[in-house]
Amino acid sequence: MIEMTIDSLRVGMMNPKAAQHGTPYVVLLKEKAAERYLPIFIGPAEANAIAIKLRGEQVPRPLTHDLVRSIIDGVGASLDSVIVSDLRNDTFYAKVVLNVNGGQMVVDSRPSDAFALALTSSGVPIFADKEVMEKAGICLTHNEGEDFIVDGQQPNTSEMKTGKVSEEEIGKLSAFSDFLNSLDLEDFGKHKS
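Throughout what follows, the structure given in this document is the object of discussion. (Residues numbered from 1 in each chain as written. Predicted model: local features only at pLDDT ≥ 70, side-chain atom pairs only at ≥ 80, totals over all residues. Heavy atoms only, no water.)

Bringing the overall build of the protein chain into the picture now. Along the protein chain, the regular secondary structure elements total 7 helices and 9 strands. Counting across all 193 residues of the protein chain, residues that qualify as buried make up 45%. Across the protein chain, the fraction of contacts at a sequence separation of at least 24, relative to all contacts at a separation of at least 6, is 56%. When the accessible area of the protein chain is evaluated, it comes to approximately 10,100 Å², of which 50% is carbon and sulfur surface. (Helix = DSSP H or I, 4+ residues; strand = E, 2+ residues; numbered from the N terminus. Buried < 20%, exposed > 50% of the residue type's maximum accessible area, 1.4 Å probe, protein only. Contact = heavy atoms within 4.5 Å. Areas by Shrake-Rupley, 256 points an atom, 1.4 Å probe, with all protein chains shown as cover.)

What follows is the structure, given as structure tokens:
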């Protein structure tokens, strides 16, 4: 497992590939010990919940993720970690790991819900499976006046160095490359929300 942090929540330009996902919202996870990123498309409701948590805003009534957290605490369990566990057919999968009665319980989740839940308290680590990072992890560098470079090359999914990934999977990941090309470089590195 590779420990990640939520680097930012981004809104990309709508393009045909992003439209397949139904949303231009992307959570950009960053590898804690390296300069590798994992972009994950999410829905608008989840993006809003994550943005509220990232900004530290208080809402008058609990959001769904606050409710789930209250239930976890109410039954005497605790949130151990969140894992982006798989990537199949252009869809990310996650697991929420709970500490319950001296053991652990693993619950399937959408990554966006898992991230929002992890943000309900500080210190809950987020991990990505090594195979997921091999398939979809990207290295971003930027030289003045140039587009982002992915793993030393222009963002072109047919040229991405992604490890053990079939050509079919690379084609399915082209939405991430499209997202990278739509980023506003002037905004990169500024306030993240």
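Let us now look at the pattern of salt bridges. Taken as a whole and judged by the stated rule, the model has 10 salt bridges. Across the pair Asp66 and Lys53 runs a salt bridge whose closest N-O atoms are separated by 2.4 Å. Here Lys53 lies in helix H2 (residues 44–55) and Asp66 lies in helix H3 (residues 64–74), a separation of 13 residues in the sequence. Look at Asp66 and you get buried, because its relative accessible area is 16%. Here the residues in one salt-bridge network are Glu46, Arg110 and Asp113, joined through shared partners. (Salt bridge = Lys/Arg side-chain N within 4 Å of Asp/Glu carboxyl O.)

Our focus in this paragraph is the pairing of strand E3 (residues 36–42). The element E3 is largely enclosed, with a buried count of 6 among its 7 residues. Both strand E2 (residues 25–31) and E3 contribute to a ladder of 6 bridges, which runs antiparallel. Each residue of the ladder has a partner; that of Tyr25, found in E3, is Ile42. Between E2 and the antiparallel strand that follows it, E3, lie 4 residues. (Pairing = 2+ DSSP bridges.)

Right, let's talk about unusual backbone geometry for a bit. A positive phi angle, close to 50°, is found at Asn89, a residue other than glycine. With respect to the helices and strands, Asn89 occurs in the loop between strand E4 (78–88) and strand E5 (91–100). Judged by its relative accessible area of 56%, Asn89 is exposed. Here the phi dihedral of Asp90 falls at roughly 70°; this positive angle occurs in a residue that is not glycine. Along the chain, the position of Asp90 falls in the loop between E4 and E5.

Another point: the nonpolar core. Formed by 34 residues in total, the largest nonpolar core has its most connected members in Leu29, Leu38, Val84 and Phe115. With 5 residues, helix H4 (residues 111–118) is the single largest residue contributor to this core. Those residues in contact with Phe115 that lie beyond four places of it in its chain are Ile6, Val27, Leu29, Ile40, Ile50, Val82, Val84 and Ile126. (Core = buried A, V, L, I, M, F, W, Y, C linked by side-chain atoms within 4.5 Å.)

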